[in-house]
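Read off the chains here:
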Protein chains: 4
Amino acid sequence: MTDEEGEAGTATGVEVQPWIPFEDRRRARGRKKEAVLRMAVRLFLENGVHRTSLAEVAAALNITKPALYNYFRSKDEILFECCRLGREMYEAGIADIAARDGSGLEKLRALIRSYAKVITQDFGQCLVRFDDRELSPEARADIRRAKRRIDAAFREQIARGISDGSIRPCDPKVAGFVITGALNGIGTWYSPDGPLSVDEIADGFVERLVDGLAVRRVPAKAKVAEA
Amino acid sequence: MTDEEGEAGTATGVEVQPWIPFEDRRRARGRKKEAVLRMAVRLFLENGVHRTSLAEVAAALNITKPALYNYFRSKDEILFECCRLGREMYEAGIADIAARDGSGLEKLRALIRSYAKVITQDFGQCLVRFDDRELSPEARADIRRAKRRIDAAFREQIARGISDGSIRPCDPKVAGFVITGALNGIGTWYSPDGPLSVDEIADGFVERLVDGLAVRRVPAKAKVAEA
Amino acid sequence: MTDEEGEAGTATGVEVQPWIPFEDRRRARGRKKEAVLRMAVRLFLENGVHRTSLAEVAAALNITKPALYNYFRSKDEILFECCRLGREMYEAGIADIAARDGSGLEKLRALIRSYAKVITQDFGQCLVRFDDRELSPEARADIRRAKRRIDAAFREQIARGISDGSIRPCDPKVAGFVITGALNGIGTWYSPDGPLSVDEIADGFVERLVDGLAVRRVPAKAKVAEA
Amino acid sequence: MTDEEGEAGTATGVEVQPWIPFEDRRRARGRKKEAVLRMAVRLFLENGVHRTSLAEVAAALNITKPALYNYFRSKDEILFECCRLGREMYEAGIADIAARDGSGLEKLRALIRSYAKVITQDFGQCLVRFDDRELSPEARADIRRAKRRIDAAFREQIARGISDGSIRPCDPKVAGFVITGALNGIGTWYSPDGPLSVDEIADGFVERLVDGLAVRRVPAKAKVAEA
DNA sequence: TATGAATGAGACTTCATTCAT
DNA sequence: GATGAATGAAGTCTCATTCAT
């Protein structure tokens, strides 16, 4: 059904053919689906999924309610597609980092930055701010699996870092919860109009999470003690 | 109100009085309100506020739906009362700590511990897991104010710590978000049946947030640089 | 849930008790459910199940649509209850006849009469005129089972009649289909205002089905042959 | 229209003509209409008219929903055409028999056989299994007239049979209802995969309806009386 | 105080049908 | 002739809330 047949169609599009809005149609459809999702996710985030009726989504797009059903089978599906897009953003970041080299700490830093960037975007917030239970059982399972994979990615780098000496010995599970929890929080207060840019936020979070809050206790006495 | 526990009220019921005591009435009413809230918050957390109908709450309490309206004017009010109880728990902790002595870091540690303990309890999760927008405008304002006060408490101690040299120089706002975000996350995964006790969680979080993840880099050069 | 506790309640009702509309309530509820069913079945039969909205049923009863949901969980359930009442009427007739004595033919006559009487009543027509597939799977199974039992009752008496010599040797299945088919047809044309009374119809059907249409061929040869 | 069978049309297509033949066009159109009707009637019978959407019909034919509107103006019209085809089958049978000679009983036998054959076919079941009220007023009137004509045909032969001594004196209306009711019933249980062939069914029904169920009572007295 | 009943508002969804291409 | 998109009307059901008792 989603048989994306590559760009062959586009190629023929070069010779502007009169009776072939064929490929165009499909592209238009894709664009419209996307537009629906973008509007839906915005409204869902702004007003809550439950308090956003499909009528509102449709109205905001200047179409009628049943028109939405041309693109999606149900509200659930819309919600899930939003989440799926978010999921893919996280996963892309994780996959990218997994392919790189670096110590556990370095990769953890990269994960934090990547996650921070995703969660400042609409779709990225879906995984965190929408309630699993709104989804169909299958969709829910899908999303939950994704969340577990994300958690696992963090824990893995923490464990690696502990092994390679770049990260302090600690419980990777708790440490992971600290990190993802802190990052998820961003979704609740971040605004693109706010004073902090995404990069500043990402850097700030990396620094705080990596270095902690306490001043390094390396006073003279300590040095002696260490010596 | 939360501490009005035990069967004291029932005990006096021994001398079967026909026209039910004076003071008892009020206390019984209070106990019932409390029971409603305890059940409501549990169901709200378990299934989501929107997916929990008052009929379900009533049924779980073996009373009828309209009976709830004897104690609360609306679902909103029930929700707000839950949140208010949570709010009071946070505020009690904050007030307690504010009254103590200690460096910024010490008090921050205490705040983290206190917050962690509250957020592992049903009412404590209300502030975080329920959507503001479900509440009436006044209730919402009340809760938002409370959240700001809580944030402010963290930031204040961070700023104090920076001043008194116990905490690294950093943006207190970002640092506060890191901390409260991490702590709020607890509400999404904590289970009393889980492997970690509340105290273990609290300690773990304090440690990670305060000490960070990176191993302390205290090489010879560093010492020199600091000197 | 339908725990009709007999007429005990009515008995106590003699001493008019002030605070006990208790039993009354239940009876009123029962009466209302019944009223709903009676109105629903009438409209369903008159306009077709699908073309009868619950709004129409409610309006005809001078109540609002959701009020129906106090008594029934869904349109399906209303439909099923109608069918169930019909089913019980058939089964009562069958059970009654099963308890009597008589040859296969005599009992078959009684079955035909009984069936004819039921199918001239609203609820009796439900089994025949409503589409199985409108029902939930369970309800559907229930009704189909009932239909099979009814068919079986006819076939059983036909088979008995063949054995005891009161009925001609023939395929009981086909014969049963002839009979029940003919009887079911009554539901499509019978009207209480029509020229034929239920008894006349029943008698007419018994006669035609039992005696057939052809005049008895009893020519001289035949007599000899039989002699 | 129903007999326009085989691939004759396709065969002429061998000589690939660019601007599609003249007559072929109309014939192709006719074939497509027919295909739609055949699929529609099947689905209507299988799932019920109301529960069969035009989208399903179209999908089953590998065309799109609006394409159906090239051949039919509405769902009603499709339904009516199905019924009309059924009607014509019944009427053809009746006309055929009317043209023959024979006693009332003989013709009645023929009518029963004819009706039985029609009602085992998809289109033949339309008149009986679909609800009149689904049709437009005009279509409905047409179909109801047809039903009355069919009933009249049965009654006429019954009356003739009574006159010519081949059929027992009885109420032709009731007798007709017995017969058509029994025959209509076939539509509800007949399956081409079942154990009984159409002819066996037809014979069985003729026999049961004509001869009845009771054994012939030809006691000695009766003989005397007749003598 | 507590209850059964009732209500009004609103949500999601389906579908026959039309329109521009 | 055929398609994708869009629409309006309708239907079932849920739920917070109120009322009479």
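Residues numbered from 1 in each chain as written. Chains lettered and ligands numbered in written order. Predicted model: local features only at pLDDT ≥ 70, side-chain atom pairs only at ≥ 80, totals over all residues. Heavy atoms only, no water.

- The name given to chain A in an unreviewed UniProt entry is TetR/AcrR family transcriptional regulator, with Marinibaculum pumilum as the source organism.

## Describing the overall build of chain A
And step 1. Tallying secondary structure elements over chain A gives 11 helices and zero strands in all.
And step 2. For chain A, the sequential pattern of α-helices and β-strands runs α-α-α-α-α-α-α-α-α-α-α.
And step 3. Across the 227 residues in chain A, those meeting the buried criterion constitute 42%.
And step 4. In chain A, once contacts between residues fewer than 6 apart in sequence are set aside, the share between residues at least 24 apart is 65%.
And step 5. Carbon and sulfur atoms form 53% of the exposed surface of chain A, whose accessible area is close to 12,100 Å². (Helix = DSSP H or I, 4+ residues; strand = E, 2+ residues; numbered from the N terminus. Buried < 20%, exposed > 50% of the residue type's maximum accessible area, 1.4 Å probe, protein only. Contact = heavy atoms within 4.5 Å. Areas by Shrake-Rupley, 256 points an atom, 1.4 Å probe, with all protein chains shown as cover.)

## Concerning the UniProt feature "DNA-binding region" (unreviewed entry) in chain A
And step 1. Under the UniProt annotation, the feature "DNA-binding region" (unreviewed entry) is placed at residues 53-72 of chain A.
And step 2. What you have in residues 53-72 of chain A is 55% helix and 0% strand, and the ends, taken at the C-alpha atoms, are 14 Å apart. (UniProt positions renumbered as here; feature names shortened; annotations may be inferred.)

## Overview of the relation of the copies chain A and chain B
And step 1. The transform that puts chain A on chain B rotates by 179 degrees and translates by 0.0 Å along the axis, for an RMSD of 0.2 Å. In symmetry terms, the pair is related by a two-fold rotation axis.
And step 2. Taken together, the interface assignments show that 100% of the residues at the interface of chain A recur at the interface of chain B, consistent with an identical surface on both copies. (Least-squares fit on C-alpha atoms with pLDDT ≥ 70 in both.)

## Thoughts on the relation of the copies chain D and chain C
And step 1. Superposition of chain D onto chain C requires a rotation of 179 degrees combined with a translation of 0.1 Å along the rotation axis, giving an RMSD of 0.2 Å.
And step 2. Residue by residue, 100% of the interface of chain D is reproduced at the interface of chain C, so both copies engage with the same surface.

## Describing the packing of helix α7 (residues 137-164) of chain C against helix α8 (residues 172-189) of chain C
Helices that pack against each other are described as a pair by the angle of their axes relative to one another and the distance between those axes.
Residues and elements named next belong to chain C.
And step 1. Look at α7 against α8: their axes get within 9 Å of each other, and the N-to-C directions meet at 130 degrees. The orientation of α7 relative to α8 falls into the category oblique. The way α7 lies across α8 gives a crossing that is right-handed. When α7 is examined against α8, the residues Asp151, Phe154, Arg155, Ile158 and Ile162 are found in contact with a partner set consisting of Pro172, Lys173, Ala175, Gly176, Phe177, Ile179, Thr180 and Leu183.
And step 2. Among the residues making up the contact of α7 with α8, the classes are represented as eight nonpolar, two polar and three charged. (Axes fitted to C-alpha atoms, helices over the stretch in contact; angles between N-to-C directions. Parallel < 35°, antiparallel > 145°, perpendicular 65-115°, else oblique. Left-handed = near helix turned anticlockwise from the far one by under 90°. Nonpolar A, V, L, I, M, F, W, Y, C, P; charged D, E, K, R; others polar.)

## Topic: the interface of chain A and chain B
And step 1. Between chain A and chain B, the residue contacts involve 44 residues of the former and 44 residues of the latter.
And step 2. Of the roughly 4,200 Å² buried between chain A and chain B, counting both surfaces, carbon and sulfur atoms make up 59%.
And step 3. Considering only the surface of chain A that becomes buried against chain B, A:Arg168, A:Leu213 and A:Arg216 emerge as the three largest contributors, covering 20% of it.
And step 4. Taken together, chain A and chain B are joined by six salt bridges.
And step 5. With a shortest N-O distance of 4.0 Å, B:Asp211 and A:Arg168 are connected by a salt bridge.
And step 6. Going through the elements one at a time, α2 (22-47), α6 (104-119), α9 (172-189), α10 (198-211) and α11 (220-226) of chain A are the ones with two or more residues in the side of chain A that touches chain B.
And step 7. Looking at the side of chain A that touches chain B element by element, the count peaks at 10 residues for α9(A). (Buried area = accessible area lost by both parts, 1.4 Å probe. Salt bridge = Lys/Arg side-chain N within 4 Å of Asp/Glu carboxyl O.)

## Quick word on the protein's contact with DNA strand F
And step 1. Near DNA strand F there are 32 residues, and of these A:Arg29, A:Thr64, A:Tyr71, C:Tyr69 and D:Thr64 occur at the shortest range.
And step 2. Here D:Lys32 contributes a side-chain N or O atom positioned 3.3 Å from a phosphate oxygen of DNA strand F.
And step 3. For the surface near DNA strand F, the per-class residue count stands at 13 nonpolar, 10 polar and nine charged. (Near = heavy atom within 4 Å. Polar contact = N/O pair within 3.5 Å; in protein donor to acceptor, adjacent residues only side chain to side chain.)

## What to know about the protein's contact with DNA strand E
And step 1. Within the structure, DNA strand E sits among 32 residues, and A:Tyr69, B:Thr64, C:Arg29, C:Thr64 and C:Tyr71 are positioned closest to it.
And step 2. Within 4 Å of the protein, atoms of DNA strand E come from sugar and phosphate in 64% of cases.
And step 3. Between a base oxygen of DNA strand E and a side-chain N or O atom of A:Lys65, the distance comes to 3.3 Å.
And step 4. In this structure, C:Lys32 approaches DNA strand E through a side-chain N or O atom, which is 3.3 Å from a phosphate oxygen.

## Looking at the packing of α8(C) against helix α9 (residues 198-211) of chain C
All names here are of chain C.
And step 1. Two elements in contact, α8 and α9, have axes whose closest approach is 11 Å; the angle formed by their N-to-C orientations is 150 degrees. Put simply, α8 runs roughly antiparallel to α9. At the point where α8 passes α9, the crossing takes the right-handed sense. Contacts between α8 and α9 pair Val178, Ile179, Ala182, Leu183, Ile186 and Trp189 from the former with Ile201, Phe205 and Leu209 from the latter.
And step 2. Here the residues of the contact of α8 with α9 are counted per class, giving nine nonpolar, no polar and no charged.

## Overview of the side chain of D:Ser166
And step 1. Position of D:Ser166 among the secondary structure elements: in the loop between α8 (137-164) and α9 (172-189).
And step 2. Within polar-contact distance, the side chain of D:Ser166 engages the backbone nitrogen of D:Leu105 at 3.1 Å.
And step 3. With residues near it in sequence (within four places) discarded, D:Ser166 still touches C:Leu213, C:Ala214, C:Val215, D:Ser103, D:Gly104, D:Leu105 and D:Gly161.

## Focus on the interface of chain D and chain C
And step 1. Chain D puts 44 residues into the contact, and the matching count from chain C is 44 residues.
And step 2. Carbon and sulfur atoms make up 59% of the surface buried where chain D meets chain C, a total of about 4,300 Å² over both sides.
And step 3. Of all residues in chain D, D:Arg168, D:Leu213 and D:Arg216 give up the largest surface area on contact with chain C, accounting jointly for 19% of the area buried on that side.
And step 4. The tally of links from chain D across to chain C stands at five salt bridges.
And step 5. Here D:Glu134 and C:Arg51 are joined by a salt bridge, their closest N and O atoms 2.7 Å apart.

## Some points on the pattern of salt bridges
And step 1. Counted under the stated rule, the structure contains 67 salt bridges over all chains.
And step 2. Between C:Arg113 and C:Asp203 there is a salt bridge, with the nearest N and O atoms lying 3.1 Å from each other. Within this pair, whereas C:Arg113 is found in helix α5 (residues 104-119), its partner C:Asp203 is found in helix α9, the two being separated by 90 residues in sequence.
And step 3. Looking at C:Asp203, the relative accessible area reads 37%, which means it is partly exposed.
And step 4. Linked by salt bridges that have partners in common, A:Arg51, B:Asp131, B:Arg133 and B:Glu134 make up one network.

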